[in-house]
Each structure stands twice: as C-alpha cells, then as structure tokens.
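As a plain string of letters, each chain reads:
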Amino acid sequence: MTLKPRKRKNWLSGKKAEEDKMKLKKLVLQNIGAFLNRNEINFECNLPIILIGGLNGRGKTTILESVLVALYGKRSGNLIGNHQKFEEYLYKISNKNGESVECFIELSFQVNADKELWEYRVRRYWDRERSRLKMYTDVWKNGNKDKALSESWDMFIEEILPQAVAPFFFFD
C-alpha cells in the first residue's frame, strides 16, 4: 500500500513531489479476529492503492485495524472507533481457538527517506490468557532488532506518518 503517489507535480508550486515515503509490504496476524494461528498478507505490488474486498465477516476490517494497531498501538483506539479500554479491545480481537496463547500483529514496510530505503518491521504482541493483558512492542530496522527504536516507536512513527493524517490513507 503506497501512501504517496510517485513523482507527481505539486499543484501549488509545479515542482515534482518526492518519491514514495512509505510502502506497506506484509502483515502477519496470529490469533487475531477471524485469523486463526499464523496468517500472512502480502501487500507487495506496483500499484499506489490496495483495495481489500470480501464477504461479511471475512476479516477486512480486522486487516485495516491491525495495520493501525501495529503502527499506533494504544493510540489507534480513536482511529478504529474503539470506545472501550484498549486492553478490552485486545481481548475482544484475540482468537481464543489458536494453538498458541500468543497473539500478535506484525507489519513490515519500507520508508524512502533522503534517497535511502529503510526496512521496518513492527510487532505488537500479547498473551491472551493473562488476567491483565499487556501489549509489547518489538521493532526491527533493516533486519536487525532495535531495542531503542522499540522503546520509542510511538514518537518515531509520528515522524513518518502522523496519527492525525492516518484516516486519509486508511479507511473502510
């Protein structure tokens, strides 16, 4: 899913816009909503927009919400229309029939910044059987786990795609 069109002209200045800033590559869901055990969704394509279609109850909204939870964690609640406590939301979306008690959402994407291509993978995970659910975050940059980035992810993602503009790119 590409978030900015390639080399389009800015209608105000007439100058060419930068190349793609962010491109979704893959979403991995384990025991999330209708997705039992481990499921991979590949977003890689050469088109600037990805549309997801299917019958009711097949997981379209789960995919959208999972992307937002991966990017924004607890702060995704207002983007997905969640008016309950985030821990209750995690419990609700956890598929209790999976082989593992671990639930996770993992999103891989590329960022083209300053003519360099950076690969990121963010994983939000929790144990569905704990009496008090707590979500954890791990982040890999260019294939290497980055503890500092994992701890500061919420601030970092705001520089790439601020939460305030996310509804313009992710909607159903």
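Structure report, in brief. As the structure is a prediction and not an experimental result, all values here were calculated from the model.

The rules we used
Residue positions are given per chain, counted from 1 along the sequence in the order it is written. Thresholds applied to this predicted model are a pLDDT of at least 70 for local features of residues and 80 or more for the giving and counting of side-chain atom pairs; totals over whole chains, interfaces and linings are not thresholded and use all residues. The basis for every side-chain value is the complete set of non-hydrogen atoms in the structure, without hydrogens or water. Secondary structure elements are defined from DSSP: runs of H or I of at least 4 residues count as helices, runs of E of at least 2 residues count as strands, and each element is numbered from the N terminus. Remark: exposure states derive from per-residue accessible area (1.4 Å probe, protein chains only) relative to the maximum for the residue type, with buried under 20%, exposed over 50%, and partly exposed in between. Any two residues whose heavy atoms approach within 4.5 Å are treated as being in contact. The definition of a nonpolar core used throughout is a set of buried Ala, Val, Leu, Ile, Met, Phe, Trp, Tyr and Cys residues joined through side-chain atoms within 4.5 Å. We treat two strands as partners when DSSP finds at least two bridges between them. A fitted line through C-alpha atoms represents every axis, and for helices the fit uses only the stretch in contact; the resulting angles, taken between N-to-C directions, go from 0 to 180 degrees.

Overview of the side chain of Gln-110
Move 1: For Gln-110, the location among the structural elements is in strand β3 (residues 102-113).
Move 2: Residue Gln-110 is classed as buried on the basis of its relative accessible area, which comes to 15%.
Move 3: What Gln-110 contacts, discounting residues up to four positions off in sequence, is Lys-21, Met-22, Lys-23, Lys-25, Leu-117, Trp-118 and Glu-119.

Examining the nonpolar core
As a rule of thumb, nonpolar side chains are buried together in soluble globular proteins.
Move 1: If you look at the biggest cluster of nonpolar residues, it comprises 40 residues, and the most contacted ones within it are Leu-71, Leu-107 and Phe-109.
Move 2: If one sorts the elements of this core by residue count, helix α1 (residues 60-72) sits on top with eight residues.

Re the sheet that holds β3
Move 1: A sheet is described by the order of its strands in space; here six strands give the open sequence β2-β1-β3-β4-β5-β6, paired in antiparallel fashion. Pairing within the sheet leaves two strands with one partner each, and these edge strands are β2 (35-42) and β6 (144-145).
Move 2: In this sheet, β3 lies alongside strand β1 (residues 22-32) in antiparallel orientation, the contact comprising eight bridges. Bridge pairing links Leu-27 to Leu-107 in β3.
Move 3: Helix α4 (residues 153-160) contacts β1, β3, β4 (116-127) and β5 (136-141) of the sheet and is inclined by roughly 140° relative to β4.

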